[in-house]
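Take a look at the letters that make up each chain.
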Number of protein chains: 2
Amino acid sequence: MTLTQLRYLVAIADAGLNITQAAERVFATQPGLSKQLRHLEDELGLQMFSRSGRSLEAVTPAGALVIERARKIIDEAESIRALAANMRHESTGELRIATTHTQARFVLPPAIAKLKHEFPDVNIHLMPGGDAELLELLHRDEIDMAIMSGTSSPPSGYIAVPVFDWERVIMMPNTHPLTDVGDDITLSQLADYPLVSYESATSPDSSLRKAFAAIELAPRIACTARDADLIKTYVRAGLGVGILAEMAILPEDRADLELRCIDNLLPTCTTWILVRQDRLLREYALAFISGLAPQIERKKLPRMLNPDEPDQFPAPFHWRDLHGSNCPNS
Amino acid sequence: MTLTQLRYLVAIADAGLNITQAAERVFATQPGLSKQLRHLEDELGLQMFSRSGRSLEAVTPAGALVIERARKIIDEAESIRALAANMRHESTGELRIATTHTQARFVLPPAIAKLKHEFPDVNIHLMPGGDAELLELLHRDEIDMAIMSGTSSPPSGYIAVPVFDWERVIMMPNTHPLTDVGDDITLSQLADYPLVSYESATSPDSSLRKAFAAIELAPRIACTARDADLIKTYVRAGLGVGILAEMAILPEDRADLELRCIDNLLPTCTTWILVRQDRLLREYALAFISGLAPQIERKKLPRMLNPDEPDQFPAPFHWRDLHGSNCPNS
DNA sequence: CGCGTTTACGTCGTTCGTAACGATA
DNA sequence: TATCGTTACGAACGACGTAAACGCG
């Protein structure tokens, strides 16, 4: 059993049992992986994958157990490498962040700029995606951290660093009938108009749907997008009332769009940074986290990320307390 | 970085930074380990050990972190091998148990006989030792499990399976003055005579000493031994009153020795099986555990030993409830 | 001078890539 | 026929052990 064999094994598992594709991902040749897989299976005396003909069909129960442990091993090995790089005060490397559009476009830029300033030789890769995709990337270890939001508790199985709380606001053209209602708009009034919001609003357990369901109404979602800029475009086009994150509001939006805060209508969201357990982060990744979440002391961060001694994270700030309110009616 | 390098690294650490000795333990040559250590250090770009001249002096802080993770890795690798052997229903292997003399002599024999009957091809190694040595062996991964007892909670950092509860009894020659006192002997009466007990009684935080300290007396320990048979010998020789585990009483002891139960004088002891976390046990090791601790269902055992889902262990039986009482006065 | 580490060197095993082959949809 | 996995083979590398040299107590 070698580390290489285990790395190949999980690569094959992660590539959906396609050895050729797995070989590309680990920068090796397909026969190499085939042979190493066979060697591993010979040594352990059991098949990791069930075969039909020559191609891999499914992961065997035994294989699943082995893969699970193999992941831990390569995780720890990667941690050793990261640890060594940290000890050498190496300031080059990669930082792969998967996140939603709103975070990438409106929240992360200052933190990334700061990071680039402190660590100019770090390559930052931003990967946009929906929540499920982010978790999948994190699980497959293709990213260092995922940054995502939610109204309830964060997904388990990862370390979740609370970054900040935020509210949703509504947005409509100046000419929209709802502008005459005044400052305090209700959910039932909102239910009268088509809405434009994030893709996640289509999920039946989204906080938006649940809020409407609580008063026995259902929102009419005219269209959805992952992209806050697209939502604004459709709102401007008159497709409906936009519901989006307060971070997404730019000063110039106020020129032609009417904003309203609806803090009491929808639950507060929290943005988390998700990190794999037992994965040691590079120095610059820690710097990035504490740059994004200033309530967390930089030097306490390593201990907080250690799953063995679960130090509690401090309560996050509210976005508004740091960046001011975008709400004329609050 | 290879698994071999990591194995060599922890071997060197465990051998007290003596590469030659480490080489013997891993069945390799000393230059081989030297070179692999150097390669690892070169690749990681940092020294695992500080050198003075040509010999290793101490573990560097970075080295300690690496070794810690390396241990996890070889642990997981070992688990994969064990898992594979289990899946193949292989019934050969080694079971290395470190335990105290009392357990080995009076408690384990039936369980070991049963194990040998079920798995005739398993080699069982029993290693006697004091509590500290057992923990050290367990930490160094030279044994599969440690079986030891205590009155308070078990040592942390390991999985502790409670096996059974037991009491201490006192033992003296027929001619001893205390035999006239009657059934209810008190601590202050005991304090009048020299005692013979286990080595652990010399420790200032032993439950024996603490029990005496609670009534502001100190026991006079005439002599101590790890070995219950030795304690009996010295009691027979008239050196003092023996205090030992009720499991250590044999029927023939009643012929020339007087026994008394002192359940209310000293706290109840619990015997635990200690297992390393994240270490997968072989099938026969699980069979041994459930043979020793019948209150634990065999099929629930794997889940209970998984540190991720801490299933509670059932409360252990009392020794007496399974094996009858050795006490004339109870 | 003994103990322990390093260096040097030759051998052996293993890994890896290229290329050809085979099976499958 | 395109795709994917296996087999074959040769080259290169790396690991290992033996033997000798080096420092240190």
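Rules of the game
- Residues numbered from 1 in each chain as written.
- Chains lettered and ligands numbered in written order.
- Predicted model: local features only at pLDDT ≥ 70, side-chain atom pairs only at ≥ 80, totals over all residues.
- Heavy atoms only, no water.
- Domains from an automatic or database assignment.
- Contact = heavy atoms within 4.5 Å.
- Buried area = accessible area lost by both parts, 1.4 Å probe.
- Near = heavy atom within 4 Å.
- Polar contact = N/O pair within 3.5 Å; in protein donor to acceptor, adjacent residues only side chain to side chain.
- Helix = DSSP H or I, 4+ residues; strand = E, 2+ residues; numbered from the N terminus.
- Nonpolar A, V, L, I, M, F, W, Y, C, P; charged D, E, K, R; others polar.
- Salt bridge = Lys/Arg side-chain N within 4 Å of Asp/Glu carboxyl O.
- Buried < 20%, exposed > 50% of the residue type's maximum accessible area, 1.4 Å probe, protein only.

1. Notes on the domain arrangement of chain A
All names here are of chain A.
Argument step 1. Domain boundaries in chain A define domain 1 (3–86), domain 2 (92–163 + 269–323) and domain 3 (168–261).
Argument step 2. Placing a centre on the C-alpha atoms of domain 2 and another on those of domain 3 gives a separation of 28 Å.
Argument step 3. Counting residues at the interface gives 14 residues for domain 2, matched by 14 residues for domain 3.
Argument step 4. For the domain 2 and domain 3 pair, buried surface summed over both sides reaches about 1,100 Å², with 55% attributable to carbon and sulfur atoms.

2. Side note on the protein's contact with DNA strand C
Argument step 1. Near DNA strand C lie 16 residues; those nearest to it are B:Ile19, B:Thr20, B:Gln30, B:Ser34 and B:Arg54.
Argument step 2. Considering DNA strand C, the proportion of its atoms within 4 Å of the protein that are sugar or phosphate atoms stands at 74%.
Argument step 3. Between DNA strand C and A:Thr29, the relevant distance is 2.9 Å, taken from a phosphate oxygen to a side-chain nitrogen or oxygen of the residue.
Argument step 4. B:Ser34 places a side-chain nitrogen or oxygen 2.6 Å from a phosphate oxygen of DNA strand C.
Argument step 5. Considering each element in turn, the surface near DNA strand C owes the most residues, four residues, to helix 3 (residues 30–44) of chain B.
Argument step 6. Partitioned by chemical class, the residues of the surface near DNA strand C number five nonpolar, eight polar and three charged.

3. Description of the protein's contact with DNA strand D
Argument step 1. The local shell around DNA strand D holds 16 residues, among which A:Thr20, A:Gln30, A:Ser34, A:Arg54 and B:Thr29 are the closest.
Argument step 2. Of all atoms in DNA strand D that approach within 4 Å of the protein, 77% are sugar or phosphate atoms.
Argument step 3. Residue A:Ile19 places a main-chain N or O atom 2.9 Å away from a phosphate oxygen belonging to DNA strand D.
Argument step 4. For the surface near DNA strand D, the secondary structure elements donating two or more residues are helix 2 (19–25) and helix 3 (30–44) of chain A together with helix 1 (3–14) and helix 3 of chain B.
Argument step 5. Counting residues per element, the surface near DNA strand D draws most heavily on helix 3 of chain A, at four residues.
Argument step 6. Looking at the surface near DNA strand D residue by residue, the class counts come to five nonpolar, eight polar and three charged.

4. Overview of the pattern of salt bridges
Argument step 1. Inspection of every chain in the model, using the stated rule, returns 50 salt bridges over all chains.
Argument step 2. As a salt-bridge pair, B:Arg279 and B:Asp75 come within 3.2 Å of each other at their nearest N and O atoms. Residue B:Arg279 is found in the loop between strand 12 (269–276) and helix 11 (283–292), and its partner B:Asp75 is found in helix 4 (residues 61–87); the two are separated by 204 residues along the sequence.
Argument step 3. Classification of B:Arg279 by relative accessible area gives buried; the value is 13%.
Argument step 4. Judged by its relative accessible area of 6%, B:Asp75 is buried.
Argument step 5. It is possible to trace a salt-bridge network through shared partners that takes in A:Arg25, A:Glu136, A:Arg140 and A:Glu142.

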